Amino acid sequence: MISYSLGKEELENWIVSETEFQPDSLGKAEAIMHLGNGYLGLRSATEEPYMKETRNLFVAGTFNKAEENEVTELPNIADVTRLDIRVDGERFSLEIGKTKDYIRQLNLKYAELIRIFEWTSPKGKVLQFEFKRFVSLDNLHLIGMKMFVKSLSDPVQISFDSGIDAQMSNSGSQHFLEGERRIFDKKKILLVQTTNQSKIDVVINSSHKVLVNDQEITDYPAMNMSRRKVWLTYNINLQPNDKMELEKLTTVYTSRDKEFDNTEYNIQLLMDKSLEDLRNSSIKGYDSLFQSHKEAWNYSIWNAYKLEINSENPYDQLALRFSLYQLTIMAPAHDERMGVAAKALSGEGYKGHSFWDTEIFILPFFIFSNPAIAKSLLTYRYYGLEGAREKARENGYSGAMFPWEAAWPTDGEVTPKLGDIDIVTGKQTKIWSGVIEQHISADIAFAIYQYFNVTADQEFMDHYGYEIIFDTAIFWASRLEWNERKQEYHINNVIGPDEYKEHVNNNAFTNYMAFFNIKLAIRYYETLMKDNPSLIEKLTMKLDLKTAYKTWQTKAEKIYLPQPREQDLVIPQDDTYLKLKEIDLTKYKNQEKLRTIYLYYNPQQINTFQVTKQADTLLLFYLLRQTFLHEDIKLSNEVKEANFYYYEPKTLHDSSLSLATHSILANDIGDTDFAYSLFRKATEVDLGPLMNTSDDGIHAASIGGIWKAAVFGFAGIRLVDGKLTINPKLPKQWNHMKLTIHWQGQPIGIFLTDNTLSVKVEHKKKIEFEVYDQIYYCDDEINIEYEYGKR
Ligand code: BGC
């Protein structure tokens, strides 16, 4: 059971609680309550082990390919959180004895995990347990844990094993070669492991401090070692009301860390650094380290984003905070060679790979709230250009064809070739996305456009942005296929965002986005020729821009852009979609589990129905409105509405990416109640009451979507053709909303109610923005009354 309202006073709407221990549904809390800082991701498995647990600790960017026939993935490094606890020699487990007042909580404000309960052993000894954990935002390499045990009834012996356990795998795949193991001063443990293929060294050190009634014990623990494992065993005798406390600190360093990824590197340097950090941290102690971590969250996150909503449903505020918490810990802000994983660092799902999820669903939050991180994530794509060029060459195209799934930037395409079971043949289904889901190249170009317009970061464009946009446009120009009969360019044999349609011709989303990508390249080329020809010259050394520009000009206008049908204004999702059979989707639409349609049909069969996995054509209305194309291609509100009501009923929302886009669009077309219910559903993808939603990890894009639905949707804060617009439409449940966004280099404070808007320009640099077609200028503070709901 997940509960949302247990936070009181200053912690009101900051606490996500699990109020009952369910050994068969461990994945939920493990994933949604996972801890991290963008460098480390620690799944919140309980200290004592259970059969159905998944223990994960990931370090961003440490990709490895365990076997030749597997794709590279983020390996699960050694576990440091497990404690094998015994009470009077008997194994401690919540599956035996009696548990009272159980609670596990993620405190979003302090990014801390807490678990408290009273436990009566099978022999009748009553004990109070309390566990605490954090992964520091102040020191990215540090994990802190505490355990308190109090004997409430009788004298009792508590024993526990605590160490570093590298007997881990990714669902059976072993990524590591064993390295050195050692114990220093009978308290500090070292374990070294090296990935078998990418040869990344991982050094882990843990320290232990045990106190009884606040006095550190002087007895030494027993020291143990076995294959891939090293640990200490403590035996502590407690009298009634005695309190035992364990403080365990761990540091993790890898040779992938920027400071070690150089020619001077040797493993000793890494080991020295890890141990030195552990020694310094142990001197400070858990409480002081936790305090610095708390302050970092307060200063860099909560005080920076200042996102507040006052809703009749307090859960909404909690959900928004949950989304900011997750967005913070999923982003490798420390290293621009790394991207965001589709399941963040919370589970093995999708192998730590990055998808278009980043650019279209996650990046907008960073662009508007923390542009430095947005820049880092886009720089990651720049570093991926070589792999993208190789993929284009391999497929017979020119330019940069970005991988559908990306890992280390130079890895290129890493999408697995085979997936889940095909219920008709009993074989694994073939995954086509790595070859024919190609829209990602244009999605990246779009994200750069959005970043540049919101931040005005010319330096990024000069160094990285233009090159990506030009090279992806070169790809598209080479990808287009001339249709002699129709005298137009087509893009055949693709998968659009709707992955329930494979091998389709002229997916509207792909065609429009390719068109946008090429038009953007033309536009930037022309501007640079005027304003910065030397940059064009410089880029010409890498790319044949002169020829490319001519090709773009001749081809762009002849790209086939599927138009709204006369009779109902519906834009065909692809060449065949509207002719396919319509089936009753009730059975699959409101299922507790996603993708239940696969239990009845295989991909070939699904390909023949008018059923859509997630927002596809509809996404265009939301994306292109932000661009300079929004007028040329006439995606009017009328067309938007017609398409929304045509496609939404056929959409199963079987990808978590779908709901937020639909919420934004429902709001645009004035269906605020539906928009609000879709927003709530989006928040429930991970945070909701269903216990098996997040077993493989949280849904990073959906979490980015929660922010987007609130800010782009309800607050109506959006980029429209280079301009900031604020067209709020708060749901009736919300009384006010407050947040800070970044616009062209300065923070802007925004406060809205259902008919007033205040804007505060923090650095007093004049900005221009539009509210319901009226233009405002402001270099300080302005209060505006607006007419609610006007389109
Ligand atoms: C979705 C993709 C998404 C991927 C990773 C798939 O189920 O259809 O659009 O990129 O998951 O989240």
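From a predicted model like this one, the values you see are computed outputs, not experimental measurements.

1. What to know about the site of the ligand
Every residue near the ligand is listed here: Ala 342, Tyr 350, Phe 355, Trp 356, Asp 357, Trp 404, Glu 499, Arg 595, Lys 613, Gln 614, Ser 655 and Leu 657. Between the ligand and Trp 356, the relevant distance is 2.9 Å, taken from an oxygen atom to a side-chain nitrogen or oxygen of the residue. Glu 499 has a polar side-chain atom sitting 2.8 Å from an oxygen atom of the ligand. Relative to its unbound accessible surface of 310 Å², the ligand loses 94% to contact with the protein.

2. Let's talk about the sheet that holds strand β32 (residues 781-785)
One open sheet accounts for 5 strands, arranged β20-β27-β28-β29-β32; its pairing is antiparallel. Looking at strand neighbours, the two that pair on one side only are β20 (308-311) and β32, the edges of this open sheet. In this sheet, adjacent strand axes meet at a mean angle of 15° when their direction is disregarded. The strands touched by helix α4 (residues 314-330) are β20 and β27 (734-743); relative to β20, the strand with the most contacts, the crossing angle is about 160°.

3. With respect to the pattern of salt bridges
Pairs may arise between side chains of opposite charge once their charged atoms sit close together. For the coordinates displayed, the defined rule picks out 41 salt bridges. A salt bridge links Lys 109 to Glu 10; its shortest N-O distance comes to 3.3 Å. Here Lys 109 is found in the loop between β8 (98-107) and β9 (112-120), whereas its partner Glu 10 is found in the loop between β1 (2-3) and β2 (15-18), with 99 residues between them in sequence. On the accessibility criterion, Lys 109 (17% relative accessible area) is buried. For Lys 764, the salt bridge identified is with Asp 780, shortest N-O distance 3.0 Å. Of this pair, Lys 764 sits in the loop between β29 (756-761) and β30 (767-771) while Asp 780 sits in the loop between β31 (774-778) and β32; the two residues are 16 residues apart in sequence, bridging distant segments of the chain.

4. Things to note about the environment of Phe 446
With respect to the element layout, Phe 446 can be found in helix α9 (residues 440-455). In sequence terms Phe 446 and Glu 359 are 87 residues apart; their C-alpha atoms lie 8.1 Å from each other. Among residues more than four places away in sequence, those in contact with Phe 446 are Ile 360, Met 513, Phe 516, Leu 623, Gln 626 and Thr 627.

5. Side note on the side chain of Ser 44
Position of Ser 44 relative to the elements: it lies in the loop between β4 (40-42) and β5 (57-59). There is a polar contact of 2.6 Å between the side chain of Ser 44 and the backbone oxygen of Met 33. Other than its neighbours up to four places away in sequence, Ser 44 contacts Ala 29, Glu 30, Met 33, His 34, Leu 35, Arg 104, Leu 113 and Arg 133.

6. Things to note about the packing of helix α18 (residues 658-668) against helix α20 (residues 700-714)
For any two helices packed against each other, one specifies the inter-axial angle together with the distance between the axes. Where α18 contacts α20, the axes come no closer than 8 Å and their chain directions differ by 10°. Comparing their axes, α20 and α18 come out roughly parallel. For the pair α18 and α20, the contacting residues are Ala 660, Ser 663, Ile 664 and Asn 667 in the first and Gly 705, Ile 706, Lys 708, Ala 709, Phe 712, Gly 713 and Phe 714 in the second. Here the residues of the contact of α18 with α20 sort into 6 nonpolar, 4 polar and 1 charged.

7. Comments concerning a nonpolar patch on the surface
A cluster of nonpolar side chains, Ile 421, Ile 423 and Val 424, forms an exposed patch at the surface whose accessible area comes to about 270 Å². Considering the arrangement of structural elements, one finds Val 424 in the loop between β21 (418-421) and β22 (428-430).

8. Considering the nonpolar core
Counting 239 residues, the largest nonpolar core has Met 244, Phe 470, Trp 552, Met 737 and Phe 769 as the members making the most contacts within it. Considering every element that reaches this core, the biggest residue donor is helix α11 (residues 508-531), with 14 residues. If you count residues domain by domain, this core takes at least three from each of domain 1 (2-259) and domain 2 (430-652). Residue contacts for Met 244: discarding those within four places in its chain leaves Met 147, Phe 148, Val 149, Ile 158, Phe 160, Val 210, Leu 211, Val 212, Ile 236 and Leu 238.

9. Details of the pairing of strand β25 (residues 717-720)
A two-sided burial pattern is seen for β25, the buried positions comprising Ile 717 and Leu 719 on one face and Arg 718 and Val 720 on the other. As paired elements, β25 and strand β26 (residues 723-726) share 4 bridges and run antiparallel to each other. Bridge assignment links Val 720 to a residue of β26, and that residue is Lys 723. Counting the residues between successive antiparallel strands, the hairpin from β25 to β26 contains 2 residues, one of them, Asp 721, with a positive phi of roughly 45°.

10. As for the sheet that holds β26
Sheet strands associate in pairs through backbone hydrogen bonding, adopting either a parallel or an antiparallel arrangement. Across the sheet, which stays open at both edges, the 4 strands sit in the order β25-β26-β30-β31 with mixed pairing between neighbours. At either end of the open sheet lies a strand with only one pairing partner, and these are β25 and β31. Averaged over all neighbouring strand pairs, the angle between strand axes comes to 35°, with direction disregarded.

11. Description of unusual backbone geometry
You will see that Asp 88, though not glycine, has its phi angle at about 50°, which is positive. In this structure, Asp 88 sits in the loop between β6 (83-87) and β7 (90-91). Taking the relative accessible area as the measure of exposure, Asp 88 reaches 24% and is therefore partly exposed.

12. Structural notes on the pairing of β21
Where β21 and β22 come together, 2 bridges link them in antiparallel fashion. Residue Ile 421 lies in a different strand from β22, and its bridge partner there is Gln 428. In this structure, the hairpin formed by β21 and β22 is closed by a connection of 6 residues, where Gly 426 is found at a positive phi of approximately 80°.

13. Quick look at the domain arrangement of the chain
If you check the domain split of the chain, you get domain 1 (2-259) and domain 2 (430-652). Put simply, the middle of domain 1 and the middle of domain 2, counted by C-alpha atoms, are 45 Å apart.

14. Thoughts on the side chain of Arg 321
Within the secondary structure, Arg 321 sits in helix α4. The buried charged residue Arg 321 lacks any salt bridge, with Glu 308 as its nearest oppositely charged partner at 5.8 Å. A distance of 3.3 Å separates a polar atom in the side chain of Arg 321 from the backbone oxygen of Glu 12. For Arg 321, the contacting residues outside a window of four places in its chain are Glu 12, Asn 13, Trp 14, Leu 108 and Trp 302.

What counts and what doesn't
Residues numbered from 1 in each chain as written. Predicted model: local features only at pLDDT ≥ 70, side-chain atom pairs only at ≥ 80, totals over all residues. Heavy atoms only, no water. Near = heavy atom within 4 Å. Polar contact = N/O pair within 3.5 Å; in protein donor to acceptor, adjacent residues only side chain to side chain. Areas by Shrake-Rupley, 256 points an atom, 1.4 Å probe, with all protein chains shown as cover. Pairing = 2+ DSSP bridges. Helix = DSSP H or I, 4+ residues; strand = E, 2+ residues; numbered from the N terminus. Axes fitted to C-alpha atoms, helices over the stretch in contact; angles between N-to-C directions. Contact = heavy atoms within 4.5 Å. Salt bridge = Lys/Arg side-chain N within 4 Å of Asp/Glu carboxyl O. Buried < 20%, exposed > 50% of the residue type's maximum accessible area, 1.4 Å probe, protein only. Parallel < 35°, antiparallel > 145°, perpendicular 65-115°, else oblique. Nonpolar A, V, L, I, M, F, W, Y, C, P; charged D, E, K, R; others polar. Patch = residues over 30% accessible without salt bridge, like charges linked within 9 Å, V, L, I, M, F, W, Y side chains within 5 Å. Core = buried A, V, L, I, M, F, W, Y, C linked by side-chain atoms within 4.5 Å. Domains from an automatic or database assignment. Lys, Arg positive; Asp, Glu negative; His and termini not counted.

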